[in-house]
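Next come the chains, spelled out residue by residue.
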There are 2 protein chains.
Amino acid sequence: MKKLINAVENVILEQLQGMALAHPELKVSLEPKYIIRADAPLTDKVAVISGGGSGHEPMHGGFVGPGMLAAACPGEVFTSPTPDQMYEAAKAVAGAAGVLFIIKNYTGDVLNFEMAAELVHGDGTPVQTVLVDDDVAVKNSLYTAGRRGVGTTVILEKIVGAAAEAGYDLDRCAELARKVNRYGRSMGMALTSCTVPAAGKPTFELGADEVEIGIGIHGEPGQYRETLRPVDDLTTTLATEILDDLAYSRVLREWDRVNGAWVEREEVDEPFAAGDQVIAFVNSMGGTPLSELYSVYRKLTEICTARGITIARNLIGPYITSLEMQGFSITLVKADAEILSLWDAPVKTPGLRWGV
Amino acid sequence: MKKLINAVENVILEQLQGMALAHPELKVSLEPKYIIRADAPLTDKVAVISGGGSGHEPMHGGFVGPGMLAAACPGEVFTSPTPDQMYEAAKAVAGAAGVLFIIKNYTGDVLNFEMAAELVHGDGTPVQTVLVDDDVAVKNSLYTAGRRGVGTTVILEKIVGAAAEAGYDLDRCAELARKVNRYGRSMGMALTSCTVPAAGKPTFELGADEVEIGIGIHGEPGQYRETLRPVDDLTTTLATEILDDLAYSRVLREWDRVNGAWVEREEVDEPFAAGDQVIAFVNSMGGTPLSELYSVYRKLTEICTARGITIARNLIGPYITSLEMQGFSITLVKADAEILSLWDAPVKTPGLRWGV
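Residues numbered from 1 in each chain as written. Chains lettered and ligands numbered in written order. Predicted model: local features only at pLDDT ≥ 70, side-chain atom pairs only at ≥ 80, totals over all residues. Heavy atoms only, no water.

Student: Got a minute to help me understand the domain arrangement of chain A in this structure?
Tutor: In many reports, interface size means the accessible area that the parts give up when they come together. All names here are of chain A. According to the domain assignment, chain A contains domain 1 (13-184 + 249-269) and domain 2 (187-243 + 273-334). The distance between the C-alpha centroids of domain 1 and domain 2 comes to 24 Å. Across the boundary between the two partners, domain 1 contributes 28 residues, which contact 28 residues of domain 2. Considering only the surface of domain 1 that becomes buried against domain 2, Phe78, Ile155 and Tyr183 emerge as the three largest contributors, covering 24% of it. Taken together, the links from domain 1 to domain 2 amount to one salt bridge. Here Glu220 ties to Arg148 by a salt bridge, and the two come within 4.0 Å at their closest N and O atoms. Viewed at the interface, domain 2 and domain 1 are joined by nine residue pairs in polar contact (both at pLDDT 80 or more). Sorting the residues of the side of domain 1 that touches domain 2 by element identifies α4 (152-165) and α5 (170-183) as the ones contributing at least two each. (Domains from an automatic or database assignment. Contact = heavy atoms within 4.5 Å. Buried area = accessible area lost by both parts, 1.4 Å probe. Salt bridge = Lys/Arg side-chain N within 4 Å of Asp/Glu carboxyl O. Polar contact = N/O pair within 3.5 Å; in protein donor to acceptor, adjacent residues only side chain to side chain. Helix = DSSP H or I, 4+ residues; strand = E, 2+ residues; numbered from the N terminus.)

This is how it looks when you write it as structure tokens:
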């Protein structure tokens, strides 16, 4: 295993120490581990909080700051953070406007965020939960029941973070988050595996010319393996699955803050259609050069244009990664005027910054 | 060779087409290849122009925009652009305030930028040239005589671009650029090679536990190979070489815009000393996860602090890359009040953005 680390057991600790040194505008707690805005606690704004396994940097810790997340809770690599991390982060940052937990749909994350939501509620702080489940590749995997939460998470955190900054109340923030999730779909592929430090060997093996289509962000299997094809073909495969995805329906479990209980609600994604505007996000899995992402974007633009879909905004680079994995993912989020306006709003985080 | 490309011969063309689609705030010329600010030609500001082989993205094309470069000229992968690219880019963007060519010290780049400078001068446009030669690892390599131009280039382009935006005239811009180069030093190391598309195989081979210390950004050899050590040790090795570097003296060739001739001038770098403030730049060679760079930064902070050197600003991420190569480089640039103020000034490019 070739990695820029010291002892395997200190990897996350030392990376957080580095973040704390590099970004004095954030507050980094090492026990329990969380990253919060330095101007916490927020007095009159909703605290948008996310978290998940480490190894996807800059997500989530790199998205903490004005206009995006109020707090992020990093677990060990590809391992959910614990409820006490989420609870302590919420206590440190939240004010009377309450807490919105953004949860990527993986079994461990869901269980732990649910426990944290109950703890936060127990303190009398208003709390809501929203699941992100946008991966069209597979409906179940090692880590999740239902679709996995992937690239839409980044777009959602930006948009809902801007809404919280603009003074949306908790219910409106949650409603907006659900809309972005209904509007967003993603799919990824890998050229190579990654190696989890504690495992010491690649998560999976691919042949010299082999790629995995529909890969997850933890190296979990996708739809199929095949021989590497030109980037235009790969882009077409992923974009077509995203754009052809129909009204995906499932039952989501969410916290009812009024009654203090879990409720189930049917959610149906809205299909893409000619005339739509979208935010297009071409993401590196971590080890793929930026230059290759532009080739993906080139073809993606052509595909969208042919369907009468306009890319109104784009994001291109490594934002939701799988350590050093080579490959890319595409996320498309249907964008109405509200979403575009919130996307354009100022954001100041280590990973995404504009307008300030 | 596993890459997200179509035909090898179209790699740069298609990436530029992708950039043009993604960034309508830039103008991308495909024949000859260059990227310029969309508000060109500049009327009363110096046009800071750079370029070099492709494969180092986001440098240089991703640094075009208000507050940084006026134009960038991409060559084929790891191959210098041609004089006509530089000349045409200068013609498209420059006004009466003239052109400053920022040249990384590689034999091909130097020769071609020198020809371009003569062509620009021939048109009656004021032109100056400044070399960047900041790599303390080796004084000569396959590509260069004297120290190679590496990470300081990114910092210099930001600072001098801000100066041009602020209305510095050509002579002041050139003087400032020389100062930043005198103040900046870098060194890098690689965990893995990269593969140039046209070559189809890795530039070099490293064993399973082997790393290369002092690597160049084209995969050219460094100082030595050794077995992988902990990141703290590697960071210490690189930072120590940078911080211990003495008054490096060499003769640089520069264009004398008044007399229209090449002149040679001795340049002496200023050593680091206790009490200095620096901009610290921890760079991924392309394939290294962001999280590992924070571990580098953690140790780098400790080393600087122990020497009485304060990191006043930092930049952490993949900014001057070698395709998918894994590894990192450290750049330290001594920063006086002028440099810090220009670093903090607004910049709006695909690769670096803040304040706007």
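Let us keep going from here.
Student: Help me understand the packing of aromatic side chains in this model?
Tutor: Any two aromatic rings considered together are summarised by their centre-to-centre distance and by the angle between their planes. Considering all chains together, one arrives at eight aromatic pairs over all chains under this definition. Aromatic side chains Trp255 of chain A and Trp262 of chain A sit 4.9 Å apart centroid to centroid with 65 degrees between the ring planes, which places their arrangement in the edge-to-face category. There is no split in this pair, since Trp255 of chain A and Trp262 of chain A are both buried. Here the aromatic rings of Trp343 of chain A and Trp354 of chain A are separated by 5.3 Å at their centres, their planes lie at 55 degrees, and the arrangement is tilted. Of the two residues, Trp343 of chain A is situated in helix α8 (residues 337-344) and Trp354 of chain A in strand β18 (residues 353-354); the sequence distance between them amounts to eleven residues. On the accessibility criterion, Trp354 of chain A (11% relative accessible area) is buried. Sitting over the face of the ring of Tyr183 of chain B, Lys334 of chain B holds its NZ or CZ atom 5.3 Å from the ring centroid. (Phe/Tyr/Trp six-rings, centres within 6.5 Å; stacked < 30°, edge-to-face > 60°. Buried < 20%, exposed > 50% of the residue type's maximum accessible area, 1.4 Å probe, protein only. Lys NZ or Arg CZ within 6 Å of the ring centre and 35° of its normal.)

Student: How do you make sense of the environment of Glu25 of chain B when you look at a structure like this?
Tutor: All names here are of chain B. Counting through the fold element by element, Glu25 comes out in the loop between α1 (11-22) and β1 (26-30). For the pair formed by Glu25 and Pro66, sequence separation is 41 residues and the distance between their alpha carbons is 9.9 Å. Residues contacting Glu25, with those up to four places away along its chain left out, are Arg37 and Ala38.

Student: Explain the pairing of strand β1 (residues 26-30) of chain A to me, please; I cannot follow it from the model alone.
Tutor: Residues and elements named next belong to chain A. Pairing of β1 with strand β2 (residues 33-37), which is carried by five bridges, proceeds in the antiparallel orientation. Within β2, the residue paired with Leu26 across the bridge is Arg37. What sits between β1 and β2 in their antiparallel hairpin is a turn of two residues. (Pairing = 2+ DSSP bridges.)

Student: What should I look at first to understand the interface of chain A and chain B in this one?
Tutor: Counting residues at the interface gives 51 residues for chain A and 51 residues for chain B. Here chain A meets chain B over a buried area of about 4400 Å², counting both sides, of which 59% is carbon and sulfur. Area buried by chain A at its contact with chain B is led by Lys2, Leu4 and Tyr294 of chain A, which between them contribute 20% of it. Where chain A meets chain B, there are four salt bridges. For the salt bridge of Arg298 of chain B with Glu14 of chain A, the shortest nitrogen-to-oxygen distance reads 3.9 Å. If you list the elements that add at least two residues to the side of chain A that touches chain B, you get α1 (11-22), α6 (231-244), α7 (290-306), β15 (310-317) and β18 of chain A.

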